[in-house]
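# A look at the structure
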Amino acid sequence: INGITAATPISVTGGEYSIGGGAFTAVAGTVTNGQSVTVRQTSSATPATATVATLTVGDVSDGFSVTTATADTTPNAFSFVDVTNVAVSTVSTSNTVTIAGINTATPISVTGGTYSINGGAFTAVAGTVTSGQTVAVRQTSSAAFATATNTVLTVGGVVDTYTVTTAAEVTGSIEINGSSSVDGMMLGLLGLLAALVGRGAARRRKIAGA
């Protein structure tokens with residue numbers, strides 16, 4: 001500050017000022033010739049918006065204007081890990097992804113399932129998400145074997161799909177002790193039953209002949 005010969009009133013609107021590197025304040029005070037003054041403010045919470053902190057010393061004023069960046073609602077790419085061999089009709093939850101690369105609340109929506117933000121309740125209702133928040137999706141796997149179902153999450157203009165594929169149906173005999181099978185066991189039991197029946201018949205004939 002130059003051109004004054006006595007302590008002069010100083011005040012600010014829309015921010016704070018500091019004299020000579022001291023503490024910032026919004027309270028009016030005085031400044032003397034040769035002292036330095038810095039002004040600061042908090043930028044708007046809205047993209048592409050200017051705010052002004054105006055400093056007045058004596059009858060001279062000047063404004064410090066700060067303009068926020070334009071809205072960016074296109075996040076960095078994110079990716080869910082697909083899963084396979086899932087049991088039929090089973091709830092499956094994805095890995096979490098972190099939303100980044102946006103500077104304002106951004107629309108989020110889902111089809112074919114539900115989503116959760118920061119570990120909160122899962123929902124299928126569209127909403128908004130902000131930078132740094134985490135998101136997971138979940139769905140119920142198909143009731144059919146070897147079938148893929150998709151949950152599609154959209155954030156801003158970026159989309160990723162979480163695919164869940166059920167396991168193939170298991171058919172045929174089941175090995176027992178590495179060698180026998182259920183089919184073989186049944187045949188063995190039938191053979192044993194036939195042998196017992198035959199042995200009983202032979203005993204009855206023997207008794208009758210005696």
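You'll find the structure just up there.
This one's a predicted model, so the numbers in the text were calculated from it and none came from an experiment. (Residues numbered from 1 in each chain as written. Predicted model: local features only at pLDDT ≥ 70, side-chain atom pairs only at ≥ 80, totals over all residues. Heavy atoms only, no water.)

## Here we look at the packing of aromatic side chains
- Considering all chains together, one arrives at two aromatic pairs under this definition.
- Considering the side-chain rings of Phe78 and Phe80, the 6.0 Å spacing of their centres and the 70 degrees angle between planes classify their relative orientation as edge-to-face.
- Under the relative-accessibility criterion, Phe78 is labelled buried at 8%.
- The class for Phe80 is buried, based on a relative accessible area of 4%.
- Joined through ring pairs, the aromatic side chains of Phe78, Phe80 and Tyr162 make up one cluster. (Phe/Tyr/Trp six-rings, centres within 6.5 Å; stacked < 30°, edge-to-face > 60°. Buried < 20%, exposed > 50% of the residue type's maximum accessible area, 1.4 Å probe, protein only.)

## With respect to the sheet that holds strand β6 (residues 60-67)
- As summarised here, the arrangement of the four strands in space is β3-β1-β5-β6, forming an open sheet in which the pairing is antiparallel. Since the sheet does not close on itself, it has two edges, and those belong to β3 (29-31) and β6, each with one partner. Pairwise comparison of adjacent strand axes, ignoring direction, gives a mean angle of 30 degrees for this sheet.
- Across three bridges, the pairing between strand β1 (residues 8-13) and β3 is antiparallel. Among the inter-strand pairings, Thr8 is bridged to a residue of β3, identified as Val31. (Pairing = 2+ DSSP bridges. Helix = DSSP H or I, 4+ residues; strand = E, 2+ residues; numbered from the N terminus. Axes fitted to C-alpha atoms, helices over the stretch in contact; angles between N-to-C directions.)

## A short note on the side chain of Ser18
- Structurally, Ser18 is set in strand β2 (residues 16-19).
- A polar atom in the side chain of Ser18 sits 2.6 Å from the backbone oxygen of Gly22.
- Not counting chain neighbours up to four residues away, the residues in contact with Ser18 comprise Ala23, Phe24, Ser36, Val37 and Thr38. (Polar contact = N/O pair within 3.5 Å; in protein donor to acceptor, adjacent residues only side chain to side chain. Contact = heavy atoms within 4.5 Å.)

## Section: the sheet that holds strand β10 (residues 106-111)
- Pairing within the open sheet is mixed, and its five strands lie in the order β7-β15-β14-β10-β12. Of all strands in the sheet, those with a lone pairing partner are β7 (83-86) and β12 (127-129), marking the two edges. This sheet shows a mean twist of 30 degrees between the axes of neighbouring strands, independent of strand direction.
- Across three bridges, the pairing between β10 and β12 is antiparallel. Counterpart to Ile108 in the pairing with β12 is Gly127.

## A short note on the environment of Ala105
- Mapped onto the elements, Ala105 comes out in the loop between β9 (97-98) and β10.
- Look at Ala105 and you get partly exposed, because its relative accessible area is 40%.
- Placed 32 residues apart in sequence, Ala105 and Thr73 show a C-alpha to C-alpha distance of 7.4 Å.
- Every residue in contact with Ala105, bar those within four places of it in the chain, is listed here: Thr73, Thr128, Val129 and Thr130.

## Structural notes on unusual backbone geometry
- Of note in the backbone geometry, Ser89 takes a positive phi value of approximately 55 degrees without being a glycine.
- With respect to the secondary-structure elements, Ser89 resides in the loop between β7 and β8 (91-93).
- For Ser89, a relative accessible area of 46% gives the class partly exposed.

## A word on the environment of Val158
- Within the fold, Val158 resides in strand β15 (residues 158-166).
- Not counting residues up to four positions away in its chain, the partners in contact with Val158 are Thr74, Pro75, Asn76, Ala77, Phe78 and Leu153.

## Structural notes on the nonpolar core
- Counting 17 residues, the largest nonpolar core has Phe78, Ile99, Val135 and Leu153 as the members making the most contacts within it.
- When contributions to this core are tallied by element, the ones reaching two or more residues are β10, β13 (134-140), β14 (148-155) and β15.
- Of all hydrophobic cores here, the second largest spans eight residues; its members include Val12, Val39, Ala53 and Leu55. (Core = buried A, V, L, I, M, F, W, Y, C linked by side-chain atoms within 4.5 Å.)

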